[in-house]
Amino acid sequence: MARLVLSECGSSRPLPSLYHRPRTTGLLTTTIPSSTLKLSSVSTDLRRRPTSLLCYARKNRWDVKVKVSAPLRVPLLEEEEKERIDLEEEELFDPGAAPPFKLADVRAAIPKHCWVKDPWRSMSYVVRDVAVVFGLAAAVVSVNHWAVWPLYWVAQGTMFWALFVLGHDCGHGSFSNNAKLNSVVGHLLHSSILVPYHGWRISHRTHHQNHGHVENDESWHPLPERLYKNLDEATKLLRFTLPFPLLAYPFYLWGRSPGKSGSHFHPNSDLFVPSEKKDIITSTVCWTAMAALLVGLSFVMGPLQLLKLYGIPYVIFVMWLDLVTYLHHHGHEDKLAWYRGKEWTYLRGGLTTLDRDYGWINNVHHDIGTHVIHHLFPQIPHYHLIEATEAAKPVLGNYYREPKRSAPLPLHLLGVVLRSMKRDHYVPDTGDVVYYQTDPDLLKK
């Protein structure tokens, strides 16, 4: 290789050996006219000005080709090695394995102010949502046009769902530190949408305490194979064929899920202990009062008008509730583990939950889609969940599954729940770490 370097000085000198062996790629190629060729010593500061020759060549428009070795940008081996290790870890990652961190590690990563409950801020959301509910009703009655009613039903049903979420915060105690305030607000909100507050609160507490457990979980838990195969064909079709699963909540309140017995309205239900009897009676009375009020309103405004103002939005609310609660525990691209026996822990069960992005609806239903941290720490108010999640992500690592970004309206989630209904049918009767199995015969029907 030529060891002469050109410069403006007109002399030549051998190129100092900066490398033990010359590069074979990335060589500088330029063309120099022989009439103007001048040779000089190379700058002794090549390390500081590695591209000086290139700049000179461009300036003087040389047209005689000479190949000269020049320093190149070398990828940092450390970064390449880190990327390779991260890729290998993702490929070897087992989501059903016990995590290398503890619940206390996740808790420690969350800023202290995220645990602070502000009752005034919580009440502001109640005032906002209630005002929207009455405003929508007044607006649709005022306009009373056939094209407006469907928009009202969707909007009002979504607002009923938002009211439920605020009552849900009351049930967890994340609304405020005042138990009486939580109970009063929770009863007003939930009774207005025909949910027995204490009955739901207690069963939902059971769900959180046993999340991810095959037998002990309460909400949308999987069916063991023997129980699934004993279901009659009609029940199977209703459970796994849309839209029927999205209408399940009222039936769940009265009779729970297959394989479980009891009612959210009955104080002697298997769901409750004797000390909770008074609470259940209180909630059932409030629910009955709301039902009586609706019957009375049907006589005042007519049953059809009540159906349009309240009945259809209630159905939309139920569909929201079933859709969201189902998708928090089902429908991921990778199958989620369910646990039994010694393999189950509160942390492992909580890590099987999923965050979901609902686009514009995130703010409307108070970020209930930010669900992983909520399941692990239900005491955190909903308005701190996003910040708490971001702080916990470095600890959770691959155990946190980033949700797919949604369009303004989360219509893509209907496809997610449909695919899940086609493949997530039952889990094996044995094994402490199990995954959903598919019944191929059900798909043929």
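Residues numbered from 1 in each chain as written. Predicted model: local features only at pLDDT ≥ 70, side-chain atom pairs only at ≥ 80, totals over all residues. Heavy atoms only, no water.

### Overview of the overall build of the chain
Across its full length, the chain carries 18 helices and four strands. Put simply, the chain has 445 residues, and 45% of those count as buried. Taking as baseline every contact in the chain between residues at least 6 positions apart, the subset at least 24 positions apart corresponds to 74%. Roughly 23,800 Å² of accessible area belongs to the chain as shown, and the carbon and sulfur atoms make up 61% of that amount. (Helix = DSSP H or I, 4+ residues; strand = E, 2+ residues; numbered from the N terminus. Buried < 20%, exposed > 50% of the residue type's maximum accessible area, 1.4 Å probe, protein only. Contact = heavy atoms within 4.5 Å. Areas by Shrake-Rupley, 256 points an atom, 1.4 Å probe, with all protein chains shown as cover.)

### Observations concerning the packing of helix α5 (residues 149-172) against helix α6 (residues 179-192)
Packed helices, taken two at a time, are described by the angle between their axes plus the distance between the axes. Relative orientation of the contacting elements α5 and α6 amounts to 150°, with a least axis distance of 8 Å. With respect to α6, the element α5 is oriented roughly antiparallel. Considering the relative orientation of α5 and α6, their crossing is left-handed. Across from Leu163, Phe164, Leu166, Gly167, His168 and Cys170 in α5, the residues of α6 making contact are Asn182, Val185, Gly186, Leu189, His190 and Ser192. Of the residues that constitute the contact of α5 with α6, the class distribution is six nonpolar, six polar and no charged. (Axes fitted to C-alpha atoms, helices over the stretch in contact; angles between N-to-C directions. Parallel < 35°, antiparallel > 145°, perpendicular 65-115°, else oblique. Left-handed = near helix turned anticlockwise from the far one by under 90°. Nonpolar A, V, L, I, M, F, W, Y, C, P; charged D, E, K, R; others polar.)

### As for helix α12 (residues 303-327)
Taking 1.5 Å per residue as the helical rise, α12 with its 25 residues ought to reach 36 Å, and the 34 Å between its terminal C-alpha atoms agrees with that figure. Remark: the principal bend of α12, roughly 35°, maps to leucine 309, with a proline, proline 313, within the next four residues. (Expected span 1.5 Å × (residues − 1). Bend = angle between axes of the 7 residues up to and from the residue.)

### Points about the nonpolar core
Among the nonpolar cores identified, the biggest contains 54 residues, and Trp161, Phe164, Tyr249, Tyr310, Phe317 and Leu327 are the most heavily contacted of them. For this core, the secondary-structure elements that each account for two or more residues are α4 (119-143), α5, α6, α7 (197-209), α10 (249-255), α11 (277-301), α12 and α17 (412-423). When sequence neighbours within four positions are dropped, the list of residues in contact with phenylalanine 164 reads His190, Ile193, Val195, Trp200, Tyr249, Phe317 and Leu321. Formed by 17 residues, the second largest nonpolar core is a distinct cluster that contains Phe101, Val106, Leu376 and Phe377. (Core = buried A, V, L, I, M, F, W, Y, C linked by side-chain atoms within 4.5 Å.)

### Topic: the packing of aromatic side chains
For any two aromatic rings, the description comes down to two numbers: the centre-to-centre distance and the angle of the planes. The tally for this structure, following the rule as stated, stands at 22 aromatic pairs. Where tyrosine 125 meets tyrosine 383, the ring centres are 6.2 Å apart and the plane angle is 15°; that geometry is what we call stacked. Of this pair, tyrosine 125 sits in helix α4 while tyrosine 383 sits in the loop between α15 (372-376) and α16 (385-396), and the two are 258 residues apart along the sequence. For the pair shown, tyrosine 125 and tyrosine 383 are each scored as buried. When the centroid spacing of 5.5 Å and the interplanar angle of 75° are considered together, the rings of phenylalanine 164 and tryptophan 200 count as edge-to-face. On the criterion of sequence distance, the pair formed by phenylalanine 164 in helix α5 and tryptophan 200 in helix α7 is long-range, its members being 36 residues apart. With a relative accessible area of 5%, tryptophan 200 lands in the buried category. (Phe/Tyr/Trp six-rings, centres within 6.5 Å; stacked < 30°, edge-to-face > 60°.)

### Some details on a nonpolar patch on the surface
A cluster of nonpolar side chains, namely Trp360, Leu409, Leu411 and Leu414, defines an oily patch on the protein surface of about 480 Å² accessible area. As for its position among the elements, leucine 409 is in the loop between α16 and α17. (Patch = residues over 30% accessible without salt bridge, like charges linked within 9 Å, V, L, I, M, F, W, Y side chains within 5 Å. Salt bridge = Lys/Arg side-chain N within 4 Å of Asp/Glu carboxyl O.)

### So, the side chain of histidine 190
Tracing the sequence through the fold places histidine 190 in helix α6. Residue histidine 190 is classed as buried on the basis of its relative accessible area, which comes to 0%. A polar contact is formed between the side chain of histidine 190 and the backbone oxygen of phenylalanine 164, at a distance of 3.1 Å. (Polar contact = N/O pair within 3.5 Å; in protein donor to acceptor, adjacent residues only side chain to side chain.)

### Points about unusual backbone geometry
Here leucine 242 and proline 243 are connected by a cis peptide whose omega angle stands at 10°. With respect to the helices and strands, the residue proline 243 is situated in the loop between α9 (233-240) and α10. Even without a glycine there, the phi angle at tryptophan 220 is positive, about 50°. Here tryptophan 220 shows up in the loop between α7 and α8 (225-230).

### Some words on the packing of α11 against α12
The interhelical angle for the contact between α11 and α12, taken along N-to-C directions, is 125°, at an axis separation of 7 Å. When the interaxial angle is binned, α11 and α12 end up oblique. Contact residues: Met290, Leu294, Leu297, Ser298 and Met301 in α11; Pro303, Gln305, Leu306, Leu309 and Tyr310 in α12.

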